[in-house]
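Below are the chains, spelled out letter by letter.
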Amino acid sequence: MYAWIWRKLPFGLGGKLGGSLVLLGVIGALLWYVIFPWAEPLLPFDDVQVGDPDSGYSQLDEPAADPSGTPEPGDGHDIPYDTGETPVPSPSNR
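Residues numbered from 1 in each chain as written. Predicted model: local features only at pLDDT ≥ 70, side-chain atom pairs only at ≥ 80, totals over all residues. Heavy atoms only, no water.

**Some words on the overall build of the protein chain**
Argument step 1. From N to C terminus, the protein chain includes two helices and zero strands.
Argument step 2. Put simply, the protein chain has 94 residues, and 5% of those count as buried.
Argument step 3. Here the protein chain has roughly 9,200 Å² of accessible surface; of this, 64% comes from carbon and sulfur atoms. (Helix = DSSP H or I, 4+ residues; strand = E, 2+ residues; numbered from the N terminus. Buried < 20%, exposed > 50% of the residue type's maximum accessible area, 1.4 Å probe, protein only. Areas by Shrake-Rupley, 256 points an atom, 1.4 Å probe, with all protein chains shown as cover.)

**Some points on unusual backbone geometry**
Argument step 1. Even without a glycine there, the phi angle at F11 is positive, about 75°.
Argument step 2. Its location among the elements puts F11 in the loop between α1 (2–8) and α2 (12–39).
Argument step 3. Since its relative accessible area comes to 73%, F11 is described here as exposed.

**Let's talk about α2**
Argument step 1. Helix length check: α2, at 28 residues, gives a terminal C-alpha distance of 38 Å against a target of 40 Å (1.5 Å per residue), a fit within 8%.
Argument step 2. Taking the largest bend as the criterion, α2 deviates by roughly 40°, centred on L31.
Argument step 3. Of all the positions in α2, only K16, G19 and A39 are classed as buried.
Argument step 4. On its buried face, α2 is in contact with α1. (Expected span 1.5 Å × (residues − 1). Bend = angle between axes of the 7 residues up to and from the residue. Contact = heavy atoms within 4.5 Å.)

**Some thoughts on the side chain of K16**
Argument step 1. Within the secondary structure layout, K16 lies in helix α2.
Argument step 2. Comment: no salt bridge for buried K16; closest opposite-charge side chain is E40, at 38 Å.
Argument step 3. Beyond its immediate chain neighbours, meaning those up to four positions away, K16 contacts W6, R7, L9 and P10. (Lys, Arg positive; Asp, Glu negative; His and termini not counted. Salt bridge = Lys/Arg side-chain N within 4 Å of Asp/Glu carboxyl O.)

Structure, rendered in structure tokens:
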């Protein structure tokens, strides 16, 4: 197919290279302005979910900030498990 297109393009090597660039531009514009907008509703790119459905947690479930300016306990970034204390390494005896 590409060889057939190359043979059909006129004006020698320069014309064939220029014609190839024009054809690529036309195909790109056709995809960008016609095909992709037509196919967008059929694709699931707008089906976005915030949170993990398996855990039941969602960022949308968190309450909004208190407009009175009173800070809530914690910073909202608490770790949901106990990290424990990391022991301080003792100096090794050499």
